[in-house]
Amino acid sequence: MPSKKITVQIMSPGILEDDILVLGDMLIKQWKIPTHLPLLLTFGSFRHRVKVIPLSRSDGVRMSSSLASKMGIPPRSSLRLIYRPHSSTLQLGPLLGILLSQDFPGNPERPFGQMTLFCKELVNACSRQGVFVYFFTPKHIGTSTGQVSGWVYGNGWKQTHLPAADVFYNRLNSRKLENKPSVQHFMKEVKSRYGSHFFNEKYLDKTEVFDALGRDTSVQRYLPESHLFRNYAMLKAMCAKYPVVFLKPIKGSLGKGIIRISRLEGGAFQTLTAQVGGTRRQVYPNLNKVFTSLSGKMKATRYQIQQGLHLIEVDHRPVDFRALVQKNISGKWNTTSIVARIAGSQHFVSNLARGGTLSTVKDAIARSSLPQGVKGKVAAKLKKAALDIAQSVDAQIPAHFGEFGIDLAVETSGRVWLLEVNSKPSKNDNTPMGEGKIRPSVKQVIEYTRYLSGF
């Protein structure tokens, strides 16, 4: 039975009892909702017994102000309603909880800092589809998993108490926060106790991804040779095999700390290290000296050593591609967007945080050093690679993912390679398109929420 989007009308105190719900008689007849039996009303983890009373020429739902208050539903909310006859349940929702890293209660105009625009865009997208959304941080998690203190939007941002959501979207941007015992306990409890879904459950590290994908023959063609960096013998073997190798922090992001090692004429080696202000270049007489310089870093950071690729360029700057792959309203992976990222003039990595610039795939390919006969096939190859890789990571790694940022490279031959997979693609790279506009990537999150919650 499909859900129906309806308006929730909250009655003044004293007009309705808490255990009465008023519904339009047309909907009652259409869904065969019994009016002589008590039904279970649910909203996220909230449960309450109600009796339904029909009202002619009404297509919304009416409830008492104290019932709405217990549920955390503000006036004039648009929600979806579904009747599940097998369990005699009327379900309002879906309820979506967004777990963020931090909030700024002292700034009610921008309570989530630079994430506030993205959150407001989510609110707009949810109201169009009849989904109720709230936002919370690890510090809002209390001792009771059935209730969360969170932020809602309605004539401004305000904090209130809400039930545990049907679906949680993990937007934590730090592994330290994600691994806090209170967060891990909360995730486990809401899944087992209320059947909540939690997607983008965890960060991925580079070794985990490449090891998992290496087990799947259908995606091996996209994988550059890649190992957890352990010792000098491994560095020597990789540098003998490839003119350029990369060392990437396995828990790194935004291009931080990537080291490019290349052979020079006469047996010397050069390292380029991605830093905030630009690239640090150092030359060593031999590979032994390179390893000695790295061994201090290896005590604090674990690296993945990876085959260097000969990337296509635009204006002598390397280009890579970021694909956003998300699950849709049918629970299937699809490619929402692919953009080209051109490295900044002082950098060899293309991240926007390192001075890179965005371009359309079409424009970057047209301006690239690719042979003319190859250019027409690249866009389709990128899309196929992104989908293949997303499906494989999802199948190989035991966690619930709803979206991936997949970084791909194209070699001068036109071959597509995987650089890395990110389970927390940044929401600050692409600013919202203006008041009231909703990006396809945000719409997709809401549609996947509806799929998971059965609305």
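Since we're looking at a predicted model, the values are computed, not measured.

## Quick look at the overall build of the protein chain
The secondary structure content of the protein chain amounts to eleven helices and 25 strands. Along the first, second and third principal axes, the C-alpha set of the protein chain runs to 90 × 50 × 40 Å. A burial count over the protein chain gives 55% of its 455 residues as buried. Accessible area for the protein chain stands at about 20,600 Å²; split by element, carbon and sulfur atoms hold 52% of it. Distance from the positive charge centre (63 side chains) to the negative charge centre (31 side chains) of the protein chain: 1 Å.

## Observations concerning helix 3 (residues 116-129)
For helix 3, spanning 14 residues, the distance from its first C-alpha to its last is 20 Å, which sits close to the expected 20 Å at 1.5 Å a residue. Where burial is concerned, most of helix 3 is hidden: eleven out of the 14 residues are buried. Those residues of helix 3 not exposed but buried are Thr116, Phe118, Cys119, Lys120, Glu121, Leu122, Val123, Asn124, Ala125, Cys126 and Gln129.

## Details of the side chain of Gln307
For Gln307, the position within the fold is in strand 19 (residues 303-307). In this view, Gln307 contacts Pro224, Glu225, Met238, Tyr242, Val244 and Trp417; residues no more than four positions away in its chain are not counted.

## Some remarks on the sheet that holds strand 17 (residues 269-274)
The six strands lie next to each other as 14-19-15-16-17-18, forming an open sheet whose pairing is antiparallel. In this open sheet, the two edge strands, each paired with only one partner strand, are strand 14 (226-228) and strand 18 (279-284). Put simply, the sheet's adjacent strands are angled 20° from each other on average, direction ignored. Here three bridges tie strand 14 to strand 19, and the two strands are oriented antiparallel to one another. Bridge pairing in strand 19 links Ser226 to Gln306.

## Some thoughts on the pairing of strand 6 (residues 77-84)
Where burial is concerned, most of strand 6 is hidden: six out of the eight residues are buried. Strand direction decides the pairing type here: strand 1 (residues 4-11) and strand 6, joined by five bridges, are antiparallel. Following the sheet pairing, Lys5 is matched in strand 6 by Arg80. In this structure, strand 6 lies alongside strand 7 (residues 89-93), joined through five bridges in antiparallel fashion. Its bridge partner being in strand 7, Ile82 is matched across the sheet by Gln91. The turn linking strand 6 back onto strand 7 is made up of four residues, and Ser88 within it adopts a positive phi angle of 50°.

## Let's talk about the packing of aromatic side chains
According to the stated counting rule, one finds 19 aromatic pairs in the structure shown. Taken together, a centroid distance of 5.0 Å and an interplanar angle of 15° make the contact between Phe168 and Phe198 stacked. Within this pair, whereas Phe168 is found in strand 12 (residues 167-170), its partner Phe198 is found in strand 13 (residues 197-199), the two being separated by 30 residues in sequence. In this structure Phe198 comes out as buried when scored by relative accessible area, which is 1%. Ring geometry for Tyr448 and Tyr451: centres 5.9 Å apart, planes at 15°, overall stacked.

## A closer look at the packing of helix 7 (residues 232-241) against helix 8 (residues 287-300)
At a closest axis distance of 10 Å, the pairing of helix 7 and helix 8 adopts a crossing angle of 130°. Looking at the two axes, helix 7 sits oblique to helix 8. The element helix 7 and its partner helix 8 pack so that their crossing is right-handed. Of the residues in helix 8, those touching helix 7 at Tyr232, Leu235, Lys236 and Cys239 are Leu287, Asn288, Val290, Phe291 and Leu294. The class makeup of the residues in the contact of helix 7 with helix 8 is seven nonpolar, one polar and one charged.

## Observations concerning the packing of helix 3 against helix 11 (residues 440-453)
Remark: helix 3 packs on helix 11, axes separated minimally by 9 Å, with the N-to-C direction vectors making an angle of 50°. Comparing the axis directions of helix 3 and helix 11 gives the class oblique. Relative to helix 11, helix 3 is oriented so that their crossing is right-handed. Between helix 3, through Phe118, Glu121, Leu122, Ala125, Cys126 and Gln129, and helix 11, the contact on the second element is made entirely by Val442, Lys443, Val445, Ile446, Glu447 and Arg450. Broken down by class, the residue content of the contact of helix 3 with helix 11 amounts to seven nonpolar, one polar and four charged.

## Details of the environment of Lys297
Tracing the chain through its elements places Lys297 in helix 8. On the accessibility criterion, Lys297 (31% relative accessible area) is partly exposed. Ignoring sequence-local partners within four residues, the contact set of Lys297 consists of Ile259 and Tyr303.

Procedures and definitions
- Residues numbered from 1 in each chain as written.
- Predicted model: local features only at pLDDT ≥ 70, side-chain atom pairs only at ≥ 80, totals over all residues.
- Heavy atoms only, no water.
- Helix = DSSP H or I, 4+ residues; strand = E, 2+ residues; numbered from the N terminus.
- Buried < 20%, exposed > 50% of the residue type's maximum accessible area, 1.4 Å probe, protein only.
- Areas by Shrake-Rupley, 256 points an atom, 1.4 Å probe, with all protein chains shown as cover.
- Lys, Arg positive; Asp, Glu negative; His and termini not counted.
- Charge placed at Lys NZ, Arg CZ, Asp CG, Glu CD.
- Expected span 1.5 Å × (residues − 1).
- Contact = heavy atoms within 4.5 Å.
- Pairing = 2+ DSSP bridges.
- Axes fitted to C-alpha atoms, helices over the stretch in contact; angles between N-to-C directions.
- Phe/Tyr/Trp six-rings, centres within 6.5 Å; stacked < 30°, edge-to-face > 60°.
- Parallel < 35°, antiparallel > 145°, perpendicular 65-115°, else oblique.
- Left-handed = near helix turned anticlockwise from the far one by under 90°.
- Nonpolar A, V, L, I, M, F, W, Y, C, P; charged D, E, K, R; others polar.

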